[in-house]
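Structural characterization, general
Spelled out, the chains give:
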Amino acid sequence: MPAMTEVPLSNPNEVAVTYNRNAGGADAQRPRVAVSEQPTTASGGHQSRHPGVNLGSRHGKAQETASVDVFGFWVFMMSDAVIFGLLFATFVAMRHSTGSGPQLAPLFDLKSVLIETMTLLASSLTFGLASLSLKYSETMRGLRVWLGITLLLGIVFLGLELHDFKTMIEQGGIPQRSGALSAFWGLVPLHGIHVTFASVWLISLLAQTWRFGLDDTLKVAILRLAVLWHFLDVIWVGIFTVVYVGAYS
Amino acid sequence: MSADAQNSPTQLQRDLRKERRSYMIGAVVSLVLTLPVFYAAMTGVTGRPLAIGAGLAALLQITVHLHYFLHLRIKGQTREDLHLVVFTLLILILMGGGTVWILFNLSSRM
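Residues numbered from 1 in each chain as written. Chains lettered and ligands numbered in written order. Predicted model: local features only at pLDDT ≥ 70, side-chain atom pairs only at ≥ 80, totals over all residues.

**Brief notes about the interface of chain A and chain B**
- With 50 residues of chain A at the interface, the matching set in chain B holds 48 residues.
- The biggest single contributor to the side of chain A that touches chain B is helix α3 (residues 61-94) of chain A, with 13 residues.
- Of the residues in the side of chain A that touches chain B, the class split is 27 nonpolar, 20 polar and three charged. (Contact = placed C-beta atoms within 7 Å. Helix = DSSP H or I, 4+ residues; strand = E, 2+ residues; numbered from the N terminus. Nonpolar A, V, L, I, M, F, W, Y, C, P; charged D, E, K, R; others polar.)

**Looking at the packing of helix α7 (residues 216-245) of chain A against helix α3 (residues 47-69) of chain B**
- The geometry of α7(A) relative to α3(B) is characterised by a closest axis approach of 10 Å and an angle of 180 degrees between their N-to-C directions. By the angle between their axes, α7(A) is roughly antiparallel relative to α3(B). Residues His230(A), Asp233(A), Val234(A), Val237(A), Gly238(A), Thr241(A) and Val245(A) of α7(A) form the contact with α3(B), whose own contacting residues are Leu50(B), Ala54(B), Gly55(B), Ala58(B), Gln61(B), Ile62(B), His65(B) and Phe69(B).
- Grouping the amino acids of the contact of α7(A) with α3(B) by side-chain chemistry returns eight nonpolar, six polar and one charged. (Axes fitted to C-alpha atoms, helices over the stretch in contact; angles between N-to-C directions. Parallel < 35°, antiparallel > 145°, perpendicular 65-115°, else oblique.)

**A closer look at the environment of Arg58(A)**
Residue and element names in this part refer to chain A.
- Residue position: Arg58 is located in the loop between α2 (26-29) and α3.
- The class of Arg58 is partly exposed, set by 14 C-beta atoms lying within 10 Å.
- Distance in space between the C-alpha atoms of Arg58 and Leu129 is 18 Å, their sequence separation being 71 residues. (Buried ≥ 20, exposed ≤ 12 C-beta atoms within 10 Å, placed from the backbone.)

**Focus on helix α6 (residues 179-211) of chain A**
All names here are of chain A.
- The end-to-end C-alpha distance of α6 is 48 Å, a good match for the 48 Å that 33 residues give at a rise of 1.5 Å each.
- Listed in full, the buried residues belonging to α6 are Ala180, Leu181, Ala183, Phe184, Leu187, Val188, Val195, Ser199 and Leu202.
- The inward-facing, buried residues of α6 contact α3, α5 (141-170) and α7.
- The first or second residue beyond α6 is Gly213, which carries a positive phi of 80 degrees. (Expected span 1.5 Å × (residues − 1).)

Functional significance is not addressed by these values, which are geometric in nature.
Okay, here's the thing in structure tokens:
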């Protein structure tokens, strides 16, 4: 396959180099599709190589790297899903165990949760549009604008969530008060911490667009963060349904 | 389709429009699956109807997110992205479902 010829990358620290070195070894055993022979589906679209936006042959090396890295990141996301799933199970089992502590429903502000939900959904959409800018646009402007809006929405979400937590604490809804509250504080803030670190990662990637420009490493990193971001929105759908709306059922 | 045809400006424009529409559809459908659930909970729907309605809406919305935002498809993937989701689901049903089952059983015997 002529497309497999390796071109040395300018930055020796790039993750992609690791895969290049392996290209003659175990990595070469895996059936790979050369860029020029990429199979197409009946509708003329590309075959999907990993979750999220696929860059396509126009991006050359970056799409080769993404095909491995983003899939690997997806494996990691699924292990994260198991952690969240078990915390959901714990919460469902514990949610009525309020003991002498307060009931959960009066501690929650559904209107605030609704706004948080809308914020996160909007940020998922804007991250999608950022990914499309990355794929189709020749300049970085659209990418930066959409990533900036996504970051802003993420920060608004975190601000609202922290405000909710503060209100809960003021009403005595602290983790050590009851089993139900312990389960709540184990589950919901873990999602918040994920969003926090995803936002820090987003800031770092935005900074890198100015520092390094849009090189292959950065492109693949953005695709990975997109997968994390959309995944966190999926977890939030579970949280608002099971924890917040579920408290009223 | 050759690589050149795939990357011609008109084809790229068409692909962009198609993918952008996919995100828009995902967002709108998610909205439709979210707002009624909150409306019901805020206007005093409780108990089993709320639990079943909200649960179904959430399952649908998660499917919508996986399809329109994470682009997981039943056909046309070169890697086993979807198999991974299904396997994770199996693990969760065993471990999560088992946890809930056993704890409720214990609770009802106490």
